[in-house]
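Each chain is listed here by its residues.
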Amino acid sequence: WLVKSSTVSIQARFEGTRYTEGLAATNQIVVGGAFLHGHKIEVGTLDSGILTVDGHKLTAGFHGSYSGHGFTVRYDDSGKVPDVIPEGNEKRVVHMDLPLDVKVTVFQWKNYLD
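Here's a quick rundown of the structure. Remember, predicted model here, so these are calculated numbers, not experimental data.

Under the criterion given, the structure shown has three aromatic pairs. An angle of 35° between the planes, with centres 5.9 Å apart, marks the rings of Tyr 66 and Phe 71 as tilted. Under the relative-accessibility criterion, Tyr 66 is labelled partly exposed at 29%. Of the residues examined, Phe 71 reaches a relative accessible area of 2% and is grouped as buried. Consider the rings of Phe 107 and Trp 109, whose centres lie 6.4 Å apart with planes at 15°: the pair is stacked. The two residues Phe 107 and Trp 109 agree in class, both being buried. The ring of Phe 62 has Arg 92 lying over it, and the distance from NZ or CZ to the ring centre is 3.6 Å.

We now examine the pairing of strand S9 (residues 93-98). For S9, the buried fraction is high: five of the six residues fall into the buried class. By the bridge criterion, five bridges tie strand S8 (residues 71-76) to S9 in an arrangement that is antiparallel. Following the sheet pairing, Tyr 75 is matched in S9 by Val 94. Bridge analysis of S9 against strand S10 (residues 102-107) gives six bridges, and the strand direction is antiparallel. Paired with Val 94 across the bridge in S10 is Val 106.

This next bit is on the environment of Gln 108. If you trace the backbone, Gln 108 turns up in the segment after S10. Look at Gln 108 and you get buried, because its relative accessible area is 2%. Residues Gln 108 and Asp 47, spaced 61 residues apart in sequence, show a C-alpha to C-alpha distance of 9.6 Å. When near neighbours in sequence (up to four residues on either side) are disregarded, Gln 108 contacts Val 43, Gly 44, Thr 45, Leu 46, Ile 50, Leu 51, Tyr 75, Glu 90, Arg 92 and Leu 113. At 2.7 Å, the side chain of Gln 108 and the backbone oxygen of Gly 44 are in polar contact.

Rules behind the numbers
Residues numbered from 1 in each chain as written. Predicted model: local features only at pLDDT ≥ 70, side-chain atom pairs only at ≥ 80, totals over all residues. Heavy atoms only, no water. Phe/Tyr/Trp six-rings, centres within 6.5 Å; stacked < 30°, edge-to-face > 60°. Buried < 20%, exposed > 50% of the residue type's maximum accessible area, 1.4 Å probe, protein only. Lys NZ or Arg CZ within 6 Å of the ring centre and 35° of its normal. Helix = DSSP H or I, 4+ residues; strand = E, 2+ residues; numbered from the N terminus. Pairing = 2+ DSSP bridges. Contact = heavy atoms within 4.5 Å. Polar contact = N/O pair within 3.5 Å; in protein donor to acceptor, adjacent residues only side chain to side chain.

Below you can see the structure in the form of structure tokens.
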């Protein structure tokens with residue numbers, strides 16, 4: 001768990017990659033909990049193709065958005081990267097504006113997440 005409370009739940013999956021020489025890197029996150037009224041947002045690596053709300057793809061391609069019960073999810077290339085853009089990657093950013101003023105930003109790369 002990254003966050004586990006009575007209202008907010010954020011889980012992450014960590015896996016070793018050949019690029020990290022087997023060391024763990026964030027591979028997927030899932031955001032849910034009572035504050036999302038039963039909704040679930042999942043973000044995986046670009047290679048995994050996972051970017052869903054309630055199991056449905058957020059968008060058919062790059063750039064898109066979804067508005068739910070008191071929350072929005074936006075997918076674009078805006079935002080300052082926490083480190084450097086990995087070689088062979090283009091910037092893909094998932095912005096979640098959630099209830100309780102919770103904001104989650106995920107940088108989606110080919111084989112890991114920031």
